[in-house]
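Close look at the chain arrangement
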Amino acid sequence: MEKSLPSAADKRIVIGKAGAPHGVKGEMKIIPMTDFPERFEGMTHCYIGDKFVEIAGVRYHKNHILMTVKGISSRTEAAALTGALVSVDRSEAVPLKEGEYYMADILGLSVWDIDGHPLGTVTDILRTGSNDVYVVSLPGRREDILVPALKKVVLEISVEEGKMVVSMPEVVE
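Report follows, based on the coordinates.

Parameters and conventions
- Residues numbered from 1 in each chain as written.
- Predicted model: local features only at pLDDT ≥ 70, side-chain atom pairs only at ≥ 80, totals over all residues.
- Heavy atoms only, no water.
- Helix = DSSP H or I, 4+ residues; strand = E, 2+ residues; numbered from the N terminus.
- Buried < 20%, exposed > 50% of the residue type's maximum accessible area, 1.4 Å probe, protein only.
- Contact = heavy atoms within 4.5 Å.
- Polar contact = N/O pair within 3.5 Å; in protein donor to acceptor, adjacent residues only side chain to side chain.
- Pairing = 2+ DSSP bridges.
- Axes fitted to C-alpha atoms, helices over the stretch in contact; angles between N-to-C directions.
- Patch = residues over 30% accessible without salt bridge, like charges linked within 9 Å, V, L, I, M, F, W, Y side chains within 5 Å.
- Areas by Shrake-Rupley, 256 points an atom, 1.4 Å probe, with all protein chains shown as cover.
- Salt bridge = Lys/Arg side-chain N within 4 Å of Asp/Glu carboxyl O.
- Core = buried A, V, L, I, M, F, W, Y, C linked by side-chain atoms within 4.5 Å.

1. Quick notes on the overall build of the protein
On a plain count of helices and strands, the protein comes out with two helices and twelve strands. Along the protein, from the amino end to the carboxyl end, the secondary structure elements read β-β-β-β-β-α-β-α-β-β-β-β-β-β. Along the first, second and third principal axes, the C-alpha atoms of the protein reach 60 × 30 × 25 Å. Looking at the 173 residues of the protein, the share that counts as buried comes to 35%. Nonlocal contacts in the protein, meaning residues at least 24 apart in sequence, comprise 48% of its contacts between residues at least 6 apart.

2. A few points about the side chain of serine 137
Tracing the backbone shows serine 137 in strand E9 (residues 132-137). Relative accessible area serves as the criterion here: at 18%, serine 137 is assigned to the buried category. Here threonine 123 takes part through its side chain, which lies 3.1 Å from a polar atom of the side chain of serine 137.

3. Quick look at the sheet that holds strand E11 (residues 154-158)
What the six strands build is an open sheet, ordered E10-E9-E8-E7-E12-E11; its pairing is mixed. Edge strands, defined here as strands with exactly one partner in the open sheet, are strand E10 (145-148) and E11. Recorded for the sheet is a direction-independent mean angle of 35° between the axes of neighbouring strands.

4. Section: the sheet that holds strand E6 (residues 85-89)
What the six strands build is a closed barrel, ordered E1-E2-E5-E4-E3-E6; its pairing is antiparallel. The sheet shows a mean angle of 50° between the axes of neighbouring strands, taken without regard to direction.

5. Focus: a nonpolar patch on the surface
Together, Val14, Met33 and Leu85 make up a nonpolar patch on the protein surface, roughly 230 Å² of accessible area in all. When you line up the elements, valine 14 lands in strand E1 (residues 12-21). On the accessibility criterion, valine 14 (34% relative accessible area) is partly exposed.

6. Overview of the nonpolar core
Residues Met28, Ile30, Cys46, Ile48 and Met67 are the most contacted members of the largest nonpolar core, which totals 22 residues. Only E1, strand E2 (28-32), strand E3 (45-48), strand E4 (51-61), strand E5 (64-69) and E6 provide two or more residues apiece to this core. If we ignore the near neighbours within four places in the chain, the residues touching methionine 28 are Ala18, Ala20, Pro21, His22, Ile48, Ile65, Leu66, Met67, Val69, Ile72, Ala78 and Leu81. Residues Val111, Val122, Val136 and Met168 belong to the second largest nonpolar core, which totals 17 residues.

7. Some thoughts on unusual backbone geometry
Of note, lysine 62 is a non-glycine position whose phi angle comes to about 55°, a positive value. Mapped onto the elements, lysine 62 comes out in the loop between E4 and E5. For lysine 62, a relative accessible area of 74% puts it in the exposed group.

Right, dumping it as structure tokens:
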């Protein structure tokens, strides 16, 4: 992500988003934003927004997770958290295989072509189903560049250097 001094939130991985309350006893709907929705089973704590919470229970319902949090016992209390991101400390992230990256690590990378020219910064990731597409923006340029997350296009990713190198001959400056 950004290469400034990391805040506590920068050291977290987003795994979901708090949706509307479910029922009247404080249970909340969580929209999973992870490739590992099974990770919610057995979790004992997480962050909802900046609030550290203890999880009292988790169950699955359709495409959502229904979560009960200790200290939240009413629909009104649960509704106050609607829209907040659900995250865990980076140390609790599911390990990835080599060549896989968390979205949080890709967002903010500077993007360069193979000749060393800057193309911009990854500002968004579109999940298309077949492959992700990185949205690359550069101040002063009217249109974003869409970079398919394919090995033949994305030649190098260095999270440590904050850099991505791509081969896109059709990019017009």
